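Listed below are the residues making up each chain.
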Amino acid sequence: MRVSWKWLNELVEVKVSPKELARLMTMSGIEVGGIECFSKGLKDVRVGLIEKITKHPQADKLVICDVNIGGDKRVTIVTGASNVREGQKVPVAIAGAILADGKQIKSADFRGIMSEGMLCSAEELGMDVDKIPAEQKDGIYILPNDVSVGDDIVETLDLEDIVMELELTPNRADCLGMINVAREVAALTGEKLNLPVIEESNDKGECASLTRIDIEDKELCGRYVARIIKNVKIEPSPLWLQHRLMATGMRPINNIVDVTNYVMMEMGQPLHAFDFDKLNENRIVVRKAKKEEEITTLDGQVRKLEPDMLVIADAQKPVAIAGVMGGLDSEVTNSTKTIFLESAYFNGSSIRRTSHTLGLRSEASWRFEKTVDVEQVKMVADRAVQLLAQIGGGTPAEGYVDCYPNKVKRKPIKLRINKVNKVLGTEIQPETMEEILKVLQIAILERDEEGWLLMPPSYRQDLEIEVDMIEEITRMNGYDKIPTTLPEGAMTQGMRTAKQKFRYKMRKLMVAQGLMEVFSYSFINPMQLDYWRVPTDHFLRDVVTIKNPLSEEQGVMRTTILPGLLETVKRNINKRNKDVKLFEIGKVFFSNGFPENSEIPEEKLMLAAICSGKKEKSWLYGEEEYDFYYLKGVVENLLDGLGFNREQVSYEAVADVPGLHPGRTAIIRMKGKEIGMIGEIHPLTLDKYGIEQKVAVFNIEAEVLANEVVDKKEFVVPITKYPAVARDLAITIPEEIKTAAVAELINEQGGMLLKGVRLFDLYRGKQITEGYKSLAFSLTWQAPDKTLTDGEINILHQKIEESLKKEFGAGLRC
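Residues numbered from 1 in each chain as written. Predicted model: local features only at pLDDT ≥ 70, side-chain atom pairs only at ≥ 80, totals over all residues. Heavy atoms only, no water.

Asker: Now, about the side chain of asparagine 261: what can you tell me, with residues and values included?
Answerer: Positionally, asparagine 261 belongs in helix H7 (residues 255-267). With relative accessibility at 15%, the residue asparagine 261 sits in the buried group. What asparagine 261 contacts, discounting residues up to four positions off in sequence, is Leu245 and Met250. (Helix = DSSP H or I, 4+ residues; strand = E, 2+ residues; numbered from the N terminus. Buried < 20%, exposed > 50% of the residue type's maximum accessible area, 1.4 Å probe, protein only. Contact = heavy atoms within 4.5 Å.)

Asker: How would you summarise a nonpolar patch on the surface if you had to cite specific residues and measurements?
Answerer: A cluster of nonpolar residues, Trp619, Leu620 and Tyr621, forms a patch on the protein surface that exposes about 450 Å² of accessible area. Relative to the helices and strands, tyrosine 621 resides in the loop between strand S32 (614-615) and strand S33 (624-625). (Patch = residues over 30% accessible without salt bridge, like charges linked within 9 Å, V, L, I, M, F, W, Y side chains within 5 Å. Areas by Shrake-Rupley, 256 points an atom, 1.4 Å probe, with all protein chains shown as cover. Salt bridge = Lys/Arg side-chain N within 4 Å of Asp/Glu carboxyl O.)

Asker: Could you give me a rundown of the packing of aromatic side chains, with the residues and numbers involved?
Answerer: Counted by the stated rule, this structure contains eight aromatic pairs. Through a chain of ring-to-ring contacts, three or more aromatic side chains come together here, namely Trp7, Trp240 and Tyr262. Between lysine 378 and the ring centre of tyrosine 400, over which it is positioned, the NZ or CZ distance is 4.6 Å. A cation sits over an aromatic face here: lysine 615 above tyrosine 621, 4.4 Å from the ring centre. (Phe/Tyr/Trp six-rings, centres within 6.5 Å; stacked < 30°, edge-to-face > 60°. Lys NZ or Arg CZ within 6 Å of the ring centre and 35° of its normal.)

Asker: I'd like a description of the sheet that holds strand S39 (residues 754-763), backed by residues and values.
Answerer: If you walk across this open sheet you meet the four strands as S39-S40-S38-S41, and the pairing is antiparallel. The open sheet terminates on both sides in strands that have one partner only, identified here as S39 and strand S41 (811-812). Lying on the sheet, helix H20 (residues 739-750) is in contact with strand S38 (725-734), S39 and strand S40 (772-781); it crosses S40 at an angle near 35°. Strand contacts of helix H21 (residues 790-808): S38, S40 and S41, with the helix running at about 15° to S38, the strand carrying the most contacts. (Pairing = 2+ DSSP bridges. Axes fitted to C-alpha atoms, helices over the stretch in contact; angles between N-to-C directions.)

Asker: Any chance you could break down the nonpolar core for me, citing the residues and the numbers?
Answerer: Leu8, Met25 and Val263 are the most contacted members of the largest nonpolar core, which totals 51 residues. Top contributing element to this core by residue count: H7, with seven residues. When neighbours within four sequence positions are excluded, leucine 8 is seen to be in contact with Val3, Val14, Leu21, Met164, Met178, Val181, Ala182 and Val185. Counting residues in hydrophobic clusters, the runner-up holds 36 residues, among them Ala289, Leu310, Ala322 and Val324. (Core = buried A, V, L, I, M, F, W, Y, C linked by side-chain atoms within 4.5 Å.)

Asker: Explain helix H4 (residues 178-189) to me, using residue names and the numbers behind them.
Answerer: Taking 1.5 Å as the rise per residue, H4 with twelve residues should run 16 Å; its terminal C-alpha atoms sit 16 Å apart, in good agreement. Of all the twelve residues making up H4, nine are buried; the element is thus mostly covered by neighbouring parts of the structure. All of the buried residues in H4 are Met178, Ile179, Asn180, Val181, Ala182, Glu184, Val185, Ala186 and Ala187. Just past H4, the residue glycine 190 takes up positive phi, approximately 80°. (Expected span 1.5 Å × (residues − 1).)

Put into structure tokens, the structure is as follows:
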């Protein structure tokens, strides 16, 4: 927000310097980002009247101007400007004058004619050429006829003005208008306000008979006021109005548009003017856009409207996008005779969505987004009509139309004296607090020993609860008066929680095995689930849908980490890095009936890994494929490192895991409970990603593991001094019997003395009965207190053989 110093001084008498006021405002929470001076060192530049123009006798492109610069004093100036005419008033820099760039003007000879100065352009005066009318940008800056010849151009054009740039926080949208800035300055300095007296319209008159307002969506439009101005004259605005707008960063256009912009900058409420005769049936309907509806906006662009956008329409079509931009069909032009003036209160969130969707941001939409004062909507319309009448822009029709269906009633706020000092750590006296409340124009409805019942002014929408009032008191009393104290509290030793330690240990174990950790987005494209061949009724389809995704690629929250890992593998392979080993520890999200049947979605912590390619052969190691068995080894090492016995872990072949190969996939079980899965990705899934080499993955519920080990104590077991004995056991069993079930039975029957069971051979061939397979196990026996004899081991072996025969019909191979 740009604040003109001269304009501010008209609203409140400021006795401190701009620099001191900037300090006061910044210390009160309204930061002044910078101070700009317009004059920029201009000196001895005056208003001149061109009385006579003659051609230069020695140059076709030069002319000689006789210029009156006040009284009887006249100068001769040679210029090459093509836009000068006799009778014009222009800025004249006489010999000795200094321009905005610091250049000093001297008399000069132009082919035999002595020029005693120069005529100035807007740029040479230090004006912002982007903010002046288009016809004034090139050539000499032409002044209005009502300026006085001989006057200092700095005073004439308000170039001695100073502008303060306010960097407002989102809660102080009230200071987007000069009047509310003046109120803030008056409260800080104690000076008296001098606000403009607004001539309010009465509720009787012809306006109500000329037009009608219908608000169809009362949630998005809380109030709509209309005024009618007849006999409109479209012409340039007075110079004071133009330069006031330029000081605030706006470009003058014509008297109608300039008045609406001036009032917006003055009171913080946007306005819009329609050509009344172009409104079908001369009435306004405030409604949502219809499906496939379009409007051509003032910038000449055809905008396709969406059904949730609020529009201002006549009886047939939209004539403006509410709070954002007007329509070209109802634009005020030089032929306009009657104006329909709009002042309204629109829902800020609706305007923000519309503005964002259409890519249209303006001073008006910015203010509506932050919410305007609904109570001053009519007053703003009256102020604009008053100014138009003053500058001769038209004749106001008597009366107004005010559609205010649901009047806003604010709740009073209770402020307790002891609460103020408790929160701030101060000892502010009640009298001081009450004085602050009065200068801020906060009404005191009731007072008692505890404090006050307060009603904030309508323009302070940010004051809603007690702590808002406490903030007002402390910023006006001075933040620097809050005592400095060190924070107090019981000190505790910083350390990781048990689950954080588990997650850290899990990460270290994965990295120690040569896998690299990656982080992928928690949002995925829902098409990924189709690529992974997930059935429609599968739990992985229970996704949380993003209401406003950044793109289709991030439409839902992931229910599995694997698609993100596979995308990473794809990118690596495309960059010729075909040998990859990656893992990720992250959360997945399930709707679980959200938002209808649950307050929040369900979250699960998962560990997933993926590998593809191979480890190249070296002098130390042989070639190794990154396949199912490699990844199975990673899982076993991980579980070993976390403190689980391998006997507690089993693998069960399955064929129905989405996206995985039906013959190369297994469920991982811990103590019989499913904790994850491992397998190779299905070729059809790989084909969707354009990957031509095998890829293996595993996916484990990390929270399940954490719950098992979070309270687990670690014990040191002494190494026995007695030797271990190895025996082989070879059996034949029916083909349908799972090897894991055989190993589990051997462990069960072996008891405490059996330290290890390892499958080292699987055979199917001529020597084996059809429908059977041969399994060979290596069994390791060891006792902690003695050396086992052959007889003791034979007894245990025999027990195992009998159990296998009874349970599975196993036969002993010789």
